[in-house]
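Chains, contacts and geometry: an overview
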Amino acid sequence: MKQVKPKKNLGQHFLVDLDIARRIADTVDACPGLPILEIGPGMGVLTQYLAEKPRELKAVEIDRESVAYLNEHFPKLRDNILGEDFLRMDLSTIFDGRPFVLTGNYPYDISSQIFFKMLDYRTLIPCCTGMIQREVAQRLASPPGSKAYGILSVMIQAWYNVEYLFTVDEDVFNPPPKVKSAVIRMTRNNRETLGCDEKLFRSIVKATFGQRRKMLRVSLRQLFTPATMPPPDFFTQDIMTRRPEQLSIEEFVELTECVKKFM
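Before going into details, it helps to say that this report is about the structure given with it.

Reading the values: the criteria
Residues numbered from 1 in each chain as written. Predicted model: local features only at pLDDT ≥ 70, side-chain atom pairs only at ≥ 80, totals over all residues. Heavy atoms only, no water. Buried < 20%, exposed > 50% of the residue type's maximum accessible area, 1.4 Å probe, protein only. Helix = DSSP H or I, 4+ residues; strand = E, 2+ residues; numbered from the N terminus. Pairing = 2+ DSSP bridges. Right-handed = clockwise from strand over helix to strand, strands pointing away. Phe/Tyr/Trp six-rings, centres within 6.5 Å; stacked < 30°, edge-to-face > 60°. Lys NZ or Arg CZ within 6 Å of the ring centre and 35° of its normal.

**Remarks on the pairing of strand S3 (residues 57–60)**
Neither face of S3 is left uncovered, since the one carrying Leu57 and Ala59 and the one carrying Lys58 and Val60 both have all their residues buried. Looking at chain direction, strand S2 (residues 36–39) and S3 are connected through 4 bridges and run parallel. Across the sheet, residue Leu37 finds its bridge partner in S3, namely Lys58. Relative to strand S4 (residues 81–82), S3 runs parallel, the two being bridged by 2 bridges. Its bridge partner lying in S4, Val60 is registered against Leu82. Handedness of the crossover joining S3 and S4 through helix H3 (residues 64–73) is recorded here as right-handed.

**Concerning the packing of aromatic side chains**
Following the criterion strictly, the structure yields 9 aromatic pairs and no others. Here the aromatic rings of Phe224 and Phe235 are separated by 6.4 Å at their centres, their planes lie at 90 degrees, and the arrangement is edge-to-face. With Phe224 in the loop between helix H8 (216–219) and helix H9 (249–260) and Phe235 in the loop between H8 and H9, this residue pair connects regions lying 11 residues apart in the sequence. Each member of the pair, Phe224 as well as Phe235, is classed as buried. With centroids separated by 5.2 Å and ring planes inclined at 75 degrees, the aromatic side chains of Phe234 and Phe262 adopt a geometry described as edge-to-face. With Phe234 in the loop between H8 and H9 and Phe262 in the segment after H9, this pair connects stretches of sequence that are 28 residues apart. For Phe262, a relative accessible area of 27% translates into the label partly exposed. In this structure an aromatic cluster arises from ring pairing among Tyr149, Phe201, Phe209 and Phe252. The ring of Trp159 is capped by Arg122, whose NZ or CZ atom sits 3.7 Å from the centre of that ring. Over the aromatic face of Phe235 sits the side chain of Arg221, whose NZ or CZ is 3.9 Å from the ring centroid.

If you want it as structure tokens, here you go:
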């Protein structure tokens, strides 16, 4: 079977550097023993090294042409090549409810959606590794106070420790993307609960970063109705003079508890 032609509508950029593929595969070694789910294997450049590891391996691929290629070139994995849309899958059924490692050369245009889905299944995914656009990797790993710190940073770091492992240049892909890539690893921290209303926490993070140049005393007002608007002294607290990128996870939790009193 001839090689798969990269499809622009699927954001496919096939990795062709075998050394980098092996390095990415080795990032899962930080979470030994767990089965592996690879997203977007394409023609299997990463799959071949993941398959060498003494673990159960499954791969999910939405592109039918790639699925056919994988079935032909990886016959031992034929029953474990899932021709589905990862974003629509029930991840609790993949390995019969067992925890697993998530990895892959993630499509750039849906990488954030992939990680938000990971959060929904965080009790099943203690470790996530792989390659993404460098800009997204920087956001994931950025600490409070940096320009890259934003919604994705807060939501992921609330539950995972993020490591920016190494940068990957454009010329190791077919076709080459217009941006650099990076390999990251995220491992679950010890936090079992935020200690606040998680839905409200998400709303506050999104609302404040939606107006990230404004102080909290301005951006938070959109969360309230005229009937629930707090008294003026609520907006005179010291924290209200700060901007969202200056707040740690713990401070967002505290802010959520303060806002909750008026909801």
